[in-house]
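So you can see what is in the structure, the chains are spelled out below.
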Amino acid sequence: MPRQKILLLEDDALFAETLADFLEEEDYEVAIALDPHSAFEKCYAETYALYLFDINLPFQNGLDTFRQLREAGDRTPLIFLTSRTDRESLLEGFGIGAEDYLRKPVDLEELAARVRAVLRRREPAEREIRLGVYLMDTRSRDLLQEGKTLKIGRKVYDLLELLLSRRGEVVSQEEIRRHLWRHDEEASDGAVRVYITRLKKLFPGAVENVRGVGYRFHRERIGEPAS
C-alpha cells in the first residue's frame, strides 16, 4: 500500500530535513518546500494526505499560504508548526481550517501522535476501493489504473468520493456545490458539469443524471472506460 504523503513547508532546511527523516521512519512519504512559492508548485502537482506548515516564512506567512490553498478548493488537513505564542495567530489558523497546532521546539513523538490523530480522523472506512479497472486509494487520495496515478484533479476526486459515499442515492446539485466549494467561493454549475463528464468517461454507464435534481452513482454498473 502506498505511504501517505505529507508536504512540509519549513524555511529552516536543517530542521525540515530532521522532521522529514523522522516522519519517513514513521512510514510517511515527505516532500519539503522551503518557501510558499515552492509549496504552491508541489500542491498543484501532487495530492497530499496532510500539510505541515510553519507560520513565519519568507515572502508570505504560512497562514496566508494556507488561506490561498483553501480559497483554491484545497481541503487537505493541516497542522501548523509555530514559535508564535499569540492567541490571535492560533485563532486565525483554526478559522481558516487548520486541524491542529504544534509549538516549536517540536517534540518528535508528539508530532507523530498528532499526525496519526489527524489522519485517523480523516480516514474513511475503506482504504482502497476497487472501481472496475481503477483503484481508489483513500489515503493518498489518488485514482490509480494498473498502479499508475491518474491526474484527475482534486475536485473530480472529491466529487467521486461524495457520490460513492451516498451509496446509490441521488446527490443534489446544491449538495455538490457545498461539497466542492467553500461558502466564500463562487460555485460553478458549469464546472460541475465538466467534472461529471470526466467521471462519465472514467465510469461509462455508472453516473446517472437525474434531471432537475442531481446525480446518482451506480457502483454496480461500472464497466470498461471509454477509449
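Structure: above.
Residues numbered from 1 in each chain as written. Predicted model: local features only at pLDDT ≥ 70, side-chain atom pairs only at ≥ 80, totals over all residues. Heavy atoms only, no water.

**Observations concerning the layout of surface pockets**
Size it by volume and the second largest pocket reaches roughly 370 Å³. Looking at the second largest pocket, it is lined by 24 residues, and the ones nearest its centre are C43, E46, T47, G153 and R154. Going through the elements one at a time, helix 2 (36-45), strand 8 (142-145), strand 9 (148-150) and helix 6 (154-165) are the ones with two or more residues in the lining of the second largest pocket. In terms of residue count, helix 6 provides more of the lining of the second largest pocket than any other element does, 4 residues in total. (1 Å grid on protein atoms, 1.4 Å probe; cavity = no way out; pocket = protein on both sides within 12 Å on 5 of 7 lines; lining within 4 Å. Points joined across faces, edges and corners; volume = space filled by probe spheres on them. Helix = DSSP H or I, 4+ residues; strand = E, 2+ residues; numbered from the N terminus.)

**Re the sheet that holds strand 11 (residues 207-210)**
Strand order across the open sheet formed by 3 strands is 10-12-11, with antiparallel pairing between neighbours. With one partner strand each, in any of the chains shown, strand 10 (171-172) and strand 11 form the two edges of the open sheet. Bridge count between strand 11 and strand 12 (residues 214-217): 4 bridges; the pairing is antiparallel. Residue pairing for strand 12: E208 is matched across the bridge by R216. Set on the sheet, helix 6 makes contact with strand 10 and strand 12; between it and strand 12 the angle comes to about 75 degrees. (Pairing = 2+ DSSP bridges. Contact = heavy atoms within 4.5 Å. Axes fitted to C-alpha atoms, helices over the stretch in contact; angles between N-to-C directions.)

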